[in-house]
Amino acid sequence: MTAGSAREHSSITTRSSTLDGDEIVAQLTPPRQFLTASLDSYRPDPDYPSQAEAVAAIRGFAASWGRKGGLFSRRRPSDERPGIYLDGGFGVGKTHLLAALWHLAPGRKYFGTFIEYTALVGALGYAPTVALLRGASLVCIDEFELDDPGDTRLMSRLLSELVASGSRIAATSNTPPNALGDGRFAAQDFLREIDALSARFTTVRIDGLDYRRRAFEGHAVALDEDGVAAAIETIDGEVTVDSFDVLLGHLASVHPSRYVKLVEGLAAIALTDVHPLANQTDALRFVAFVDRLYDAQVRVFATGTPLDEVFAEDMLSGGYRKKYLRAISRLIALTSGQL
């Protein structure tokens, strides 16, 4: 930053990314902005009736915990599926509703992103992960995505075992369950697994406008060096400052499941010399990093290309389009302070 800046800052490259199984388990709760989320605090948009319908669907799903016989009753209606799947665009409140359901669930329960569950399997092993999650009243999976055949087989098997133990499953995604994997790998070769996943869920479609952009339209905010230095001075807490290329290089050296540690305890990050992303590998890592920044509510200040313009047109028209659009929505919020 400018020589006149008196604020001390660190680099993202100096932060620990060590994350063990116990730490992953401890983090399987809703992000901090949803720690008090409830169905009553969700505000359906009257222009989109599917939002109120989704609230009713969540209430109905949660009502099973209050029925005589409890969660594990053998008398559960035969047509009742063990999972609910919230399918919708960006910023329509899917995560809010998922967190509200988590708060309603009794006993042992878990809330994590898709990548956190796959990371848990990587850290603990498959059998210990099943043993840990088995029998929980509810397992919530935010941002459910299938990017490769390995994830497809893993999640089909894992959900099958959890459902067999009596656990209920709730998930959110920008893609309906029967279309998972389209455009990303040879999904037609895994129709059995994808169909098995889809069959476990009652799918609830949620339409609407991105709430992050209702009060703020435009682009991610880009500053000059003096503007970034001035913004950093307003932040109470730890701030990292790195060039965009340094960040991308470091993200390449850390597994995406560990990005949560990189942002832990940060108040803001500053990125200099932002430029369009040259390849999809860097772009997908950056998306995963943006998700962790958003969950942790970390402000972002940047110079160079506005961060909502770093994804090339061919990326925005490909199989990962919805991921990139979600990241754009979140980057506009993170750079504008609309958190």
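The following paragraphs examine the structure supplied in this document. (Residues numbered from 1 in each chain as written. Predicted model: local features only at pLDDT ≥ 70, side-chain atom pairs only at ≥ 80, totals over all residues. Heavy atoms only, no water.)

1. Here we look at empty space enclosed by the protein
Here is the rule we go by: Only protein atoms enter the 1 Å grid, on which a cavity is a set of points fitting a 1.4 Å probe that cannot get out and a pocket is an open set with protein on both sides within 12 Å along at least 5 of 7 lines, lining residues being those with an atom within 4 Å of a point. Grid points are joined across faces, edges and corners, and a volume is the space filled by probe spheres set on the points. By the criteria applied, helices consist of DSSP H or I runs no shorter than four residues and strands consist of E runs no shorter than two, each listed in order from the N terminus.
Under the counting rule described, the total for this entry stands at one cavity of 30 Å³ or more. Looking at the lining of the largest cavity, the element that brings in the most residues is helix α4 (residues 114–124), giving three residues.

2. Topic: the sheet that holds strand β4 (residues 168–173)
This is how the line gets drawn: We call two strands paired when DSSP finds no fewer than two bridges between them. To get an axis, fit a line to the C-alpha atoms, keeping to the stretch in contact for a helix; angles then go from 0 to 180 degrees between the N-to-C directions.
Across the sheet, five strands lie side by side as β2-β3-β4-β1-β5; this open sheet has parallel pairing. Every interior strand has two partners, whereas the edge strands, β2 (109–113) and β5 (201–206), have only one. Mean inter-strand twist for the sheet, computed between neighbouring axes without regard to direction, equals 15°. Sheet topology note: the strand β3 (residues 138–142)/β4 ladder contains four bridges and is parallel.

3. Brief notes about the packing of α4 against helix α5 (residues 126–133)
When two helices pack together, their arrangement is given by the angle between the helix axes and the distance between those axes. Heads up, the rule is: An angle below 35 degrees is treated as roughly parallel, one above 145 as roughly antiparallel, one from 65 to 115 as roughly perpendicular, and anything else as oblique. Crossing handedness follows the turn of the near helix against the far one: under a right angle anticlockwise gives a left-handed crossing, and clockwise gives a right-handed one. The contact definition used throughout considers only heavy atoms, calling two residues in contact when any of these lie within 4.5 Å. Residue polarity is assigned by list, with Asp, Glu, Lys and Arg as charged and Ala, Val, Leu, Ile, Met, Phe, Trp, Tyr, Cys and Pro as nonpolar; anything else, Gly included, falls into the polar class.
The interhelical angle for the contact between α4 and α5, taken along N-to-C directions, is 120°, at an axis separation of 7 Å. As far as their axial angle goes, α5 and α4 are oblique. For the element pair α4 and α5, the recorded crossing hand is right-handed. Mapping the contact onto sequence places Tyr-117, Leu-120, Val-121 and Leu-124 in α4 and Tyr-126, Pro-128, Thr-129, Leu-132 and Leu-133 in α5. Looking at the contact of α4 with α5, its residues break down into eight nonpolar, one polar and no charged.

4. Observations regarding the side chain of Ser-11
Test applied: Summary of the burial criterion: residues with accessible area below 20% of their type's maximum are buried, those above 50% are exposed, and those between are partly exposed, where the area comes from a 1.4 Å probe applied to protein chains only. In protein, a polar contact requires one atom able to donate a hydrogen and another able to accept it; more generally it is a pair of N or O atoms within 3.5 Å, and residues adjacent in sequence count only if both atoms are side-chain atoms.
Within the fold, Ser-11 resides in the segment before α1 (21–26). Under the relative-accessibility criterion, Ser-11 is labelled buried at 16%. Side-chain polar atoms of Ser-11 contact the side chain of Asp-242, separated by 2.5 Å. Discounting chain neighbours no more than four positions away, the residues touching Ser-11 are Thr-240, Val-241 and Asp-242.

5. Remarks on the pairing of strand β1 (residues 83–88)
For β1, the tally of buried residues reaches six of six residues, placing the bulk of the element in the interior. Residues Gly-83, Tyr-85 and Asp-87 line one face of β1 and the alternating positions Ile-84, Leu-86 and Gly-88 line the opposite face, and both faces are buried. In terms of strand pairing, β1 meets β4 through five bridges, oriented parallel. Bridging across to β4, Asp-87 finds its partner in Ser-173. Of the strand pairs in this sheet, β1 and β5 are connected by six bridges, and their pairing is parallel. Among the inter-strand pairings, Tyr-85 is bridged to a residue of β5, identified as Thr-203.

6. Section: the packing of aromatic side chains
Quick note on the threshold: Here is the rule: rings of Phe, Tyr and Trp (six-membered ring for Trp) pair when centre to centre is within 6.5 Å. Planes less than 30 degrees apart are stacked, more than 60 are edge-to-face, and the remainder are tilted. We count a charge as sitting over a ring when the NZ of a lysine or the CZ of an arginine lies within 6 Å of the ring centre and within 35 degrees of the ring normal.
Enumeration according to the criterion identifies nine aromatic pairs in this entry. A ring pair is formed by Phe-286 and Phe-311, whose centres lie 6.4 Å apart and whose planes are at 40°; its orientation type is tilted. Linking Phe-286 in helix α12 (residues 280–296) with Phe-311 in the loop between β8 (299–304) and α13 (313–316), this pair joins segments that are 25 residues apart in sequence. The same class applies to Phe-286 as to Phe-311, namely buried. Among the aromatic residues, those joined into a ring-pair cluster are Tyr-85, Phe-114, Phe-144 and Phe-201. Positioned over the ring face of Trp-102 is Lys-109, at 4.5 Å from the centre of the ring. For the cation-ring pair, Arg-168 lies above Phe-61, with the distance from its terminal atom to the ring centre recorded as 3.8 Å.

7. Description of the environment of Leu-197
Residue position: Leu-197 is located in helix α7 (residues 191–199). The class of Leu-197 is buried, set by a relative accessible area of 1%. Put simply, Leu-197 and Arg-153 are 44 residues apart on the chain and 9.9 Å apart in space, counted from C-alpha to C-alpha. Once residues within four sequence positions are removed from consideration, Leu-197 is found in contact with Phe-144, Leu-146, Thr-152, Met-155, Ser-156 and Leu-159.

8. Things to note about the environment of Ser-160
Looking at the element boundaries, Ser-160 is found in helix α6 (residues 149–164). A relative accessible area of 30% places Ser-160 in the partly exposed class.

9. Some words on the pattern of salt bridges
The following threshold applies: When a carboxyl oxygen of Asp or Glu lies within 4 Å of a side-chain nitrogen of Lys or Arg, that pair is called a salt bridge.
Inspection of the entire model under this criterion finds 16 salt bridges. One salt bridge in this structure joins Arg-330 and Glu-143, with 3.1 Å as the shortest N-O distance. Of this pair, Arg-330 sits in helix α14 (residues 321–336) while Glu-143 sits in the loop between β3 and α6, and the two are 187 residues apart along the sequence. Residue Arg-330 shares its accessibility class with Glu-143, and that shared class is buried. A salt bridge links Arg-292 to Asp-295; the shortest N-O distance between them is 2.9 Å.

Honestly, that's just the spatial picture; any functional story needs more than this.
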